[in-house]
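Coordinates in review
Given next are the chains, with one letter for each unit.
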Amino acid sequence: MLRTSASRVLDDSDRDEVLALLDTDPVANVFVSSRVRAVGLNPARLGGQMWGFGPRGGLVSLCYAGANMVPVNAGPEAVHAFADRARKQGRRCSSIVGPVDAVSLLWERLEPYWGRPRAIRWAQPVMAISRRPPVPADPLVRRVRPDEFDILLPASVAMFTEEVGVSPNLGDGGALYRTRVAELIRIGRSYARIENGKVVFKAEVGAVTPHACQIQGVWVAPELRGRGHAVAGMAAVVEAAMDCFAPVVSLYVNDYNRSARAVYRKVGFHEVDTFMSVLF
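Rules behind the numbers
Residues numbered from 1 in each chain as written. Predicted model: local features only at pLDDT ≥ 70, side-chain atom pairs only at ≥ 80, totals over all residues. Heavy atoms only, no water. Helix = DSSP H or I, 4+ residues; strand = E, 2+ residues; numbered from the N terminus. Rg over C-alpha atoms; globule rule 2.2 N^0.38 Å. Buried < 20%, exposed > 50% of the residue type's maximum accessible area, 1.4 Å probe, protein only. Contact = heavy atoms within 4.5 Å. Areas by Shrake-Rupley, 256 points an atom, 1.4 Å probe, with all protein chains shown as cover. Lys, Arg positive; Asp, Glu negative; His and termini not counted. Charge placed at Lys NZ, Arg CZ, Asp CG, Glu CD. Pairing = 2+ DSSP bridges. Axes fitted to C-alpha atoms, helices over the stretch in contact; angles between N-to-C directions. Core = buried A, V, L, I, M, F, W, Y, C linked by side-chain atoms within 4.5 Å. UniProt positions renumbered as here; feature names shortened; annotations may be inferred. Salt bridge = Lys/Arg side-chain N within 4 Å of Asp/Glu carboxyl O.

Our next topic: the overall build of the chain. Looking only at helices and strands, the chain features 9 helices and 12 strands. Here the C-alpha radius of gyration of the chain, 19 Å, is about what a compact globule of 280 residues would show, namely 19 Å. C-alpha atoms of the chain, sized along the principal axes, occupy 60 × 35 × 35 Å. Within the chain, buried positions represent 49% of all 280 residues. Long-range contacts, defined here as pairs at least 24 residues apart, represent 69% of the contacts in the chain between residues at least 6 apart. Accessible surface for the chain amounts to roughly 13,200 Å². Of this, 52% is attributable to carbon and sulfur atoms. Distance from the positive charge centre (34 side chains) to the negative charge centre (28 side chains) of the chain: 2 Å.

Pasting the structure below:
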């Protein structure tokens, strides 16, 4: 094993090299890249550590180790180094998520030490769109106003619980989740169609870089599903995201969610990669 096979904790002096590596795949790396661009690599601001694989000036792989663990451009040797550090540190993340080859190998090495996860999403297609949607956008989808937080929050909690399988109100009573929902509203990245004080459709632009952005939290009120709100609503959010944030809009979805994948294809998204998530 080469000396460079050991991972190291990066800092702000590595920022330019880190961003150059992240920008080699702006869609797959949009979450990690958005964090680095926003706050740098200081662990106190980053909310975790950034591990690097390769010498200074020759960085080849990364692993964001915060609330989520996200390997970046990680081949087998890098995954081995990241798994070794993660095993010694102990589990601090609520999920491992990223390209399926790296995450599956990382989990293979960590499973004997980290124990049974709550769920594994083995295949999550990454989808992207770089041109205007071919379907009409819902003109009633707009940015959520700060005074509509109490209207949006129940829909956001319902979406999270349906998607992840547990309520975001567990543990800290939902304080961190409420803070995140409020922050996305404050910075103008939360969109919804609201009628008579209730959310019909909602989605957020969760991560943004100059090259790509990522939609998350897509939800339609259960009693209104099957009426075209998702297609028209997503078209509206994609148009807004392209106008305000980045030229490429992406998302990832569970492979078994055929209805959602069909919606995204109608809007103009196509599959560009496959993620995997291990949820604790």
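On a regular strand, one side chain projects to one face of the sheet and the next to the other, so that they alternate. Examined bridge by bridge, strand β5 (residues 95–99) and strand β12 (residues 270–279) share 5 bridges and lie antiparallel to one another. In the sheet register, Ser95 faces β12, and the bridge partner there is Leu279. For strand β6 (residues 119–129) and β12, the ladder comprises 8 bridges, and the chain directions are antiparallel. In the strand pairing of β12, Met127 is matched with Glu271.

Turning next to the sheet that holds strand β11 (residues 248–252). If you walk across this open sheet you meet the 12 strands as β1-β2-β3-β4-β5-β12-β6-β11-β10-β9-β8-β7, and the pairing is mixed. With partners counted over all chains shown, the strands left at the sheet margins are β1 (7–9) and β7 (142–143), one partner each. Relative to β11, strand β10 (residues 212–220) runs parallel, the two sharing 3 bridges. Residue Ala212 lies in a different strand from β11, and its bridge partner there is Val248. Set on the sheet, helix α6 (residues 149–164) makes contact with β6, β8 (190–195), β9 (198–208), β10 and β12; between it and β9 the angle comes to about 70°.

A few words on the pairing of β9. Extensive coverage of β9 is indicated by the burial of 9 of its 11 residues. Across 6 bridges, β8 lies against β9 in antiparallel orientation. When the bridges of β9 are listed, Arg193 appears paired with Phe201. Where β8 folds back on β9, the antiparallel hairpin that results is connected by 2 residues, among which Asn196 adopts a positive phi of roughly 55°. The pairing of β9 with β10 spans 6 bridges and is classified as antiparallel. Bridge pairing links Lys202 to Trp219 in β10. Counting the residues in the hairpin turn of β9 and β10 gives 3 residues.

Nonpolar side chains tend to gather and get buried jointly when the protein is soluble and globular. Residues Met234, Val249, Tyr264 and Phe269 are the most contacted members of the largest nonpolar core, which totals 47 residues. Dropping the residues within four chain positions of it, Phe269 is found in contact with Met127, Ala128, Ile129, Ile215, Met234, Val238, Val249, Ser250, Leu251 and Tyr264. Counting 24 residues, the second largest nonpolar core, distinct from the first, contains Val97, Ala207, Ala212 and Phe275.

So, about the UniProt feature "domain: N-acetyltransferase" (unreviewed entry) in the chain. With numbering matched to this structure, UniProt assigns "domain: N-acetyltransferase" (unreviewed entry) to residues 139–280. For residues 139–280, the end-to-end C-alpha separation is 39 Å, with 38% helix and 30% strand making up the annotated structure.

Next up on the list: the pattern of salt bridges. Evaluation of the coordinates by the stated rule reveals 17 salt bridges. The partner of Arg8 in a salt bridge is Asp14, with the nearest N and O atoms 3.6 Å apart. Among the salt bridges present, the one from Arg37 reaches Asp23, with a minimum N-O distance of 2.6 Å. Placement of the pair is Arg37 in helix α2 (residues 30–39) and Asp23 in the loop between α1 (15–22) and α2, with a sequence separation of 14 residues. Among the ionic contacts, a cluster of salt bridges with common partners joins Arg142, Arg145, Asp147 and Glu148.

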